Amino acid sequence: SQTIHQWPATLVQPVGSPLSLECTVEGTSNPNLYWYRQAAGRGLQLLFYSVGIGQISSEVPQNLSASRPQDRQFILSSKKLLLSDSGFYLCAWSDTGRVYEQYFGPGTRLTVT
Amino acid sequence: GNSVTQMEGPVTLSEEAFLTINCTYTATGYPSLFWYVQYPGEGLQLLLKATKADDKGSNKGFEATYRKETTSFHLEKGSVQVSDSAVYFCALSRYGGATNKLIFGTGTLLAVQP
């Protein structure tokens, strides 16, 4: 069966510091991968998605970037964090082809101070 | 454009009460529809789905029917438990770019009291 991991689970970082969040998927090949942010009390905002190694699409311009160095690894980064980057970051995967549901990881709670 | 509208929460019910969470959508074409559940501090779990009109998705006592004529996908459960307390998200899929993307509603918080 497939599993998705995210780490760290929680992170407290000062403004201006760098960020690296990691997501890995097991039990599947060539998945589509997604990064979402969930601000407190709000819905989900799609940040990036990837359909293959090195292929990244950005949904909204912002202070973050994403990379996919391996088939089942997806990384969210920032060079300098802003207070507004605080939130709950969720990674998700889906099969390629005509399969529409996405499966989510446990999330990373980021607090920028 | 494509969008999902959910009823405002929080919804507070007593244990064993009947649950309805309304969801309507706007979309071009024929999207697939989903309900996800998020327990406190956790990621989202797929609760149920429906991929075409009149399909009924069901799981763990929850049900939702894809109604094309009313563009709705309301979530129902006959008898809620305290363990059902969570945030529920309605979502639709759309194809954009190279992959299917999910459009989420804002979520509805359900609190079930013993």
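The structure contained in this document is the topic of the report that follows. Being a predicted model, the structure only gives us computed values, none of them experimental. (Residues numbered from 1 in each chain as written. Chains lettered and ligands numbered in written order. Predicted model: local features only at pLDDT ≥ 70, side-chain atom pairs only at ≥ 80, totals over all residues. Heavy atoms only, no water.)

1. A word on the overall build of chain B
No. 1: Helix and strand counts for chain B come out as 0 helices and 12 strands.
No. 2: Going residue by residue from the N terminus, the α and β elements of chain B occur as β-β-β-β-β-β-β-β-β-β-β-β.
No. 3: The C-alpha atoms of chain B give 14 Å as radius of gyration, which agrees with the globular expectation for 114 residues (13 Å, within 12%).
No. 4: Overall, chain B is about 45 × 30 × 20 Å in size when its C-alpha atoms are taken along their principal axes.
No. 5: Looking at the 114 residues of chain B, the share that counts as buried comes to 46%.
No. 6: Sequence separation of 24 or more characterises 56% of the internal contacts of chain B that already satisfy a separation of 6 or more. (Helix = DSSP H or I, 4+ residues; strand = E, 2+ residues; numbered from the N terminus. Rg over C-alpha atoms; globule rule 2.2 N^0.38 Å. Buried < 20%, exposed > 50% of the residue type's maximum accessible area, 1.4 Å probe, protein only. Contact = heavy atoms within 4.5 Å.)

2. Focus: the interface of chain B and chain A
No. 1: Opposite the 23 residues of chain B that make contact, chain A presents 22 residues.
No. 2: The junction of chain B with chain A conceals about 1,600 Å² of combined surface from both sides, 57% of it contributed by carbon and sulfur atoms.
No. 3: Put simply, chain B and chain A have 2 salt bridges between them.
No. 4: Of the charged contacts in the structure, one is a salt bridge between Lys49(B) and Glu101(A), with a shortest N-O distance of 2.6 Å.
No. 5: On the surface where chain B and chain A come into contact, there are 4 residue pairs in polar contact (both at pLDDT 80 or more).
No. 6: Elements with a minimum of two residues in the side of chain B that touches chain A: β5 (33-38), β6 (44-50), β10 (86-96) and β11 (99-104) of chain B.
No. 7: When residues of the side of chain B that touches chain A are assigned to their parent elements, the largest contribution, 5 residues, is made by β11(B).
No. 8: Looking at the side of chain B that touches chain A, its residues break down into 8 nonpolar, 11 polar and 4 charged. (Buried area = accessible area lost by both parts, 1.4 Å probe. Salt bridge = Lys/Arg side-chain N within 4 Å of Asp/Glu carboxyl O. Polar contact = N/O pair within 3.5 Å; in protein donor to acceptor, adjacent residues only side chain to side chain. Nonpolar A, V, L, I, M, F, W, Y, C, P; charged D, E, K, R; others polar.)

3. Section: the environment of Leu76(A)
All names here are of chain A.
No. 1: Along the chain, Leu 76 falls in strand β8 (residues 73-78).
No. 2: Along the backbone, Leu 76 and Tyr 89 are 13 residues apart, and their C-alpha atoms lie at a distance of 9.3 Å.
No. 3: Once you skip the residues sitting within four places of it in the chain, Leu 76 turns out to touch Leu 19, Ser 20, Leu 21, Trp 35, Leu 47, Phe 48, Leu 64, Ser 65 and Tyr 89.

4. So, the pattern of salt bridges
All names here are of chain A.
No. 1: Inspection of every chain in the model, using the stated rule, returns 7 salt bridges over all chains.
No. 2: We note a salt bridge from Arg 37 to Asp 85, for which the minimum N-O separation is 3.7 Å. Of this pair, Arg 37 sits in strand β4 (residues 32-38) while Asp 85 sits in the loop between β8 and β9 (87-94), and the two are 48 residues apart along the sequence. Here Arg 37 and Asp 85 have matching classes, each one buried.

5. Thoughts on the sheet that holds strand β1 (residues 3-7) of chain A
Residue and element names in this part refer to chain A.
No. 1: The strand order across the open sheet built from 4 strands is β1-β3-β8-β7, with neighbouring strands paired in antiparallel fashion. Edge positions in the sheet fall to β1 and β7 (65-70), since each has one partner strand and no second. On average, each strand axis in the sheet is tilted by 20° relative to the strand beside it, whichever way the strands run.
No. 2: As paired elements, β1 and strand β3 (residues 19-26) share 5 bridges and run antiparallel to each other. In the sheet register, Trp 7 faces β3, and the bridge partner there is Glu 22. (Pairing = 2+ DSSP bridges. Axes fitted to C-alpha atoms, helices over the stretch in contact; angles between N-to-C directions.)

6. Overview of the environment of Lys60(B)
All names here are of chain B.
No. 1: Within the secondary structure, Lys 60 sits in the loop between β7 (56-59) and β8 (62-65).
No. 2: In this structure Lys 60 comes out as exposed when scored by relative accessible area, which is 56%.
No. 3: C-alpha separation for the pair Lys 60 and Leu 48, spaced 12 residues apart in sequence, amounts to 9.2 Å.
No. 4: When near neighbours in sequence (up to four residues on either side) are disregarded, Lys 60 contacts Gln 45 and Lys 77.

7. Section: the state of the cysteines
No. 1: Taken as a whole, this structure holds 2 disulfides over all chains when the rule is applied.
No. 2: A disulfide bridge connects Cys23(A) with Cys91(A), and the sulfur atoms are separated by 2.0 Å. Taking the sign of the S-S torsion, -75° for the link of Cys23(A) and Cys91(A), the bridge is left-handed. In this pair, Cys23(A) is assigned in strand β3 and Cys91(A) in strand β9, connecting sequence segments 68 residues apart. As far as burial versus exposure is concerned, Cys23(A) and Cys91(A) are alike and both buried.
No. 3: The residue that forms a disulfide with Cys23(B) is Cys90(B), at a sulfur-sulfur distance of 2.0 Å. Disulfide Cys23(B)-Cys90(B): torsion about the S-S bond near -70°, hence left-handed. Separated by 67 residues along the polypeptide, Cys23(B) in strand β4 (residues 23-26) and Cys90(B) in strand β10 bring together distant segments of the chain. Across the pair, Cys90(B) and Cys23(B) agree in class, each one buried. (Disulfide = S-S within 2.5 Å.)

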